[in-house]
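Architecture and fold: a report
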Amino acid sequence: MVDYTKFELKEKKELAEVLKGKDNLFLLACKKCFKEFEIVEEPELADFEQFAAEHGKTVTGSAKVDFLCNNILTPKLLKSVLPQEAENVFVISCGIGTQLIAELTEKPVYTACDSIAYRGHHGMALTIQRCDACAQCYLNLTGGICPIVDCSKSLLNGQCGGAKKGKCEVNKEMDCGWDQIYKRLKKQGRVNELKNQSIEMRDYSKVNYKFIDEYVKSIRQERLEGYKGGIHPKEKKGFSEHISLSEFPSPLTVVIPLLQHTGAPAEPIVEVGQHVKAGEKIGQAKTYVSCPVHSSVSGTVVAIELRQHPTAGFNVLSVIIQSDGRNILHDSIQAVGDLEALTPEEIRDIIREKGVVGMGGAGFPTAVKLNAPKPIEVVLLNGCECEPILTADYRVMIEYADDVLFGLKALIKASHAERGIIAIEDNKPDAIEIMKSKTRNLENIDVAVVKTKYPQGAEKMLIKNILGKQVPRGGLPLDLGVIVSNISTAKAVSDAIQKGMPLIERVVSVSGERMSKSGNYIVKIGTQVKDIIDYCGGVIGDDVTIKMGGPMMGAVLDNLYVPIIKGTNGIIAVEASEREARECIKCGRCVDVCPMELHPLYYAKYAETENWEGMREEKVMDCIECRCCDYICSAKIEILSAIKTGKKAIREGK
Amino acid sequence: MLITQLKSKEAIADLIKGKTFIINCHGCKEVYFPEYEADKIQKELSADGDIIENITRDYICSTDNLHVQLKKFMDKIQEADTILVFSCGVGVQTLARFLEDKRVYSGCDTYPLPGIQGVTPMEFDCGHCGECYLNYTGGICPITACSKSLVNGQCGGSKKGKCEVDKDMECGWERIYRKLEKLKKLNTLNYPVKIRNYQLPFDELPKDV
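Residues numbered from 1 in each chain as written. Chains lettered and ligands numbered in written order. Predicted model: local features only at pLDDT ≥ 70, side-chain atom pairs only at ≥ 80, totals over all residues.

1. Brief notes about the domain arrangement of chain B
Residue and element names in this part refer to chain B. Split by domain assignment, chain B resolves into domain 1 (1–135) and domain 2 (136–191). Relative to domain 2, the C-alpha centre of domain 1 lies at a distance of 38 Å. Each partner contributes to the interface: domain 1 provides 7 residues, whereas domain 2 provides 9 residues. (Domains from an automatic or database assignment. Contact = placed C-beta atoms within 7 Å.)

Spelled out as structure tokens, the structure:
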């Protein structure tokens, strides 16, 4: 692997000169980028400290910083580390780090280093291939060998004639680039192309620093709007976004897990052989943080046994019901009246009794969330659906806008909140339009349009973006007086109140580039994934990964004989990705995209060495597992699995 | 990190000869890749020409990763007459070396990214001059902040603090002066005359991977 280390300490003579007359130093060292990441100390800081001591200087403090040039994280850090008594700041980094620090502090800033010059730039991998970024790619004329970097003289119109035995006359170690070009084109039978090529002139005006700088800055500004980090995977919503909701055929058998929520499992209140009706309660919540479960069909209970949970990775007690095909509703399903007449407590009781949980994935019991121990000001209704491919919430907003609004009003009343905000990403203009027109005359409900960026729908990001507030470390939205709720949850709340209908069916997107027939279906809880995929014509090809949820955070399904649960917003079939992990090269992309402002590269390193203390120091428990780092990793390291390992070890008290 | 711009549609259409296999690289997409424009052009090309496959991968600049990513497409690639790549120059070269017998063409031009050394693109650039001047100049780089990269003070051509080469640009040496004045370090500018050493200390990168 090529080491692209960017800087080295200046010569001692020069350093001594710079240090003259300066004292009370503060030292800031960058931990370097684009080099193989080993957990060893870079020597420059210690060397310089010793040098300063030898010259009788007082060092007031020092800090080693990852990616010193990161102009979002470094300013925050600098505030906390730079002591008042420091008079001179010495930076050990490339020129970019030093310039940034010089701008950030009023104190005089000096560098102890020279940036190492290297010719040509490189991609994300540390390879021998280089690109000089000339803005007028010649590779099409030269068989993919670059005449700018592979010819010492950067000649564009053939060899200089000075090469001897294929070696460059400037550097005898180097192959003549034009010789290489000729050989390759000859091999491809393209020598005539070379001969007939018109004379090329390099246009040096094409590379305009200012143009590029502004260009990239504007793109980045837009991309980083709202909160730091995040990524923009291909949206791929086109497979299913235009397809209206339809009822998925009622299955013959449903498998209803008694744990589909955060908290304690519900306890079964039916027996094998018992006949149940659709909407009848079959599992009861025995503790506060739990949730009842209802039958989604009418029929006979044929078993109550352990079955595989689709996403949790273990077996849970489930009620298996053979449908009688009639879907007769239970007597308890009756409208409970209008919202005005209900008290907040009554609304919460209904929501609890009807088994409503957060339907964005985590499945936290909604009634518990609404009964917050702190005053709630805002209910944020999350219609971002920032996961690629998924279109379930989008279709619900389009087709059940009134129900969603009713649900939001109920959530506001039940939590004693003052107002509600519906957040929608700007890739859903018609949903925005509908919600805006429906809320125009409502004083306490607004629509907030947010940029399309993953993970925009993560509650911490959403709160920061819309309300400008930061959920404290280890805290919850309710610490800021906020409740975040999913669009489908609001619809379920509406159904519970307006129809008396418990949460026994939900909207599921069935989609992805490997799904034969995409669609958005209203599916009964307990329907098998296998039935859904078969109904949609199966999957295409054999390199397919099937996930429950979106491509970013969804759970991979190895077994398709698992049921749809309350939190299932999608069943997707996507191309299986192949990855082979290599050494981390500290490219820093994971730090750049982490919305929680963490340093994910360390998790991979620390999991390897089982350094749980290091994991703790790098705040692994703050990770929201959005998988941005894992997605962007240029070395294809499975960072998320390292994070999960670390969290597990810490939870186990290691 | 590099950023890429599409070549003109005509230029790209000219490259397509026979069966064509398209490879997009989204590795540096978060910095910039003309994703939607490339999509559009490729759709149009598919309508006119013989595009046998269009795939999107990432970090094709990494040789080993490239091999893994292309493994299942090798039959189709062998069948293709042209491989059209939408990536930076590093990606195109890596592919051209891997598929030595194929016409590997680039659909993009590559632009340099300011702040290439660091992790995030930003307003500061580093000229990789190998003899950092920042200690004399209040942390403002004369190589990149002065149009002429002067190392011994202003050229005298600036007007009202603006550069004579680019009227939208502040004179770097005025910025340096103001900064040093603020720091009460103006005497720093009494340093002996500097001569820039254009010899690149690490011109010869090791050739092994």
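Once the structure has been displayed, the description carries forward.
2. Focus: the sheet that holds strand β4 (residues 88–92) of chain A
Residue and element names in this part refer to chain A. Spatial strand order, β3-β2-β4-β5: 4 strands in an open sheet with parallel pairing. The sheet terminates laterally at β3 (59–65) and β5 (109–111), the two strands that pair on one side only. For this sheet the average axis-to-axis angle between neighbouring strands, irrespective of direction, equals 20 degrees. Across 5 bridges, strand β2 (residues 25–30) lies against β4 in parallel orientation. Bridging from a neighbouring strand, leucine 25 pairs with asparagine 88 of β4. Relative to β2, helix α2 (residues 44–54) is tilted by about 160 degrees, and along the sheet it contacts β2, β3 and β4. (Pairing = 2+ DSSP bridges. Helix = DSSP H or I, 4+ residues; strand = E, 2+ residues; numbered from the N terminus. Axes fitted to C-alpha atoms, helices over the stretch in contact; angles between N-to-C directions.)

3. Focus on helix α3 (residues 63–70) of chain B
For an α-helix, the turn length of 3.6 residues means that residues three or four places apart are oriented alike. Residue and element names in this part refer to chain B. Taken together, the buried positions of α3 are Asn65, Leu66, Gln69 and Leu70. Buried residues of α3, seen end-on, are gathered within an arc of 120 degrees and therefore sit on one face of the element. Contacts from the buried residues of α3 go to β3 (51–57), α4 (74–79) and α5 (89–98). (Buried ≥ 20, exposed ≤ 12 C-beta atoms within 10 Å, placed from the backbone. Arc of directions from axis to C-beta.)

4. Quick notes on the nonpolar core
Grouped together as the largest cluster of nonpolar side chains are 182 residues, with contacts concentrated most on Leu28(A), Ile92(A), Leu380(A), Leu408(A), Tyr603(A) and Ile639(A). The element best represented in this core is helix α12 (residues 401–414) of chain A, accounting for 8 residues. Beyond its immediate stretch of four places on either side in the chain, Ile92(A) contacts Leu27(A), Leu28(A), Ala29(A), Cys30(A), Glu44(A), Leu45(A), Phe48(A), Ala112(A) and Cys113(A). Membership of the second largest hydrophobic core comes to 50 residues, among which are Phe21(B), Phe33(B), Leu66(B) and Ala96(B). (Core = buried A, V, L, I, M, F, W, Y, C linked by C-beta atoms within 7 Å.)

5. Quick look at the domain arrangement of chain A
The domains assigned to chain A are domain 1 (7–141 + 199–224), domain 2 (339–498) and domain 3 (589–651). Here the C-alpha centre of domain 2 of chain A lies 44 Å away from the C-alpha centre of domain 1 of chain A.

6. Examining the environment of Met435(A)
Residue and element names in this part refer to chain A. Within the fold, methionine 435 resides in helix α13 (residues 429–439). Judged by local crowding, methionine 435 falls into the buried class, with 28 C-beta atoms found within 10 Å. Considering only alpha carbons, one finds methionine 435 and isoleucine 445, 10 residues apart in sequence, at a separation of 10.0 Å.

7. What about the packing of helix α18 (residues 600–609) of chain A against helix α21 (residues 639–651) of chain A?
Packed helix pairs are specified by the crossing angle of their axes together with the interaxial distance, meaning the distance between the axes. Residues and elements named next belong to chain A. Put simply, α18 and α21 touch, their axes get as near as 8 Å, and they point 65 degrees apart. The pairing of α18 with α21 is recorded here as roughly perpendicular in orientation. Helix-helix and strand crossings are classified by hand; for α18 and α21 the assignment is left-handed. Counted together, Pro600, Tyr603, Ala604, Tyr606 and Ala607 of α18 and Ile639, Ala642, Ile643, Thr645 and Gly646 of α21 form the full contact between these two elements. Each residue belonging to the contact of α18 with α21 can be placed in one class, and the counts come to 8 nonpolar, 2 polar and no charged. (Parallel < 35°, antiparallel > 145°, perpendicular 65-115°, else oblique. Left-handed = near helix turned anticlockwise from the far one by under 90°. Nonpolar A, V, L, I, M, F, W, Y, C, P; charged D, E, K, R; others polar.)

8. Quick notes on the pairing of strand β20 (residues 519–524) of chain A
Residue and element names in this part refer to chain A. With 5 of 6 residues buried, β20 is to be regarded as a mostly interior element. As judged from the 3 bridges shared by strand β7 (residues 245–247) and β20, these two strands associate in the parallel manner. Bridging across to β20, leucine 245 finds its partner in asparagine 520. Bridge count between strand β19 (residues 505–511) and β20: 6 bridges; the pairing is antiparallel.

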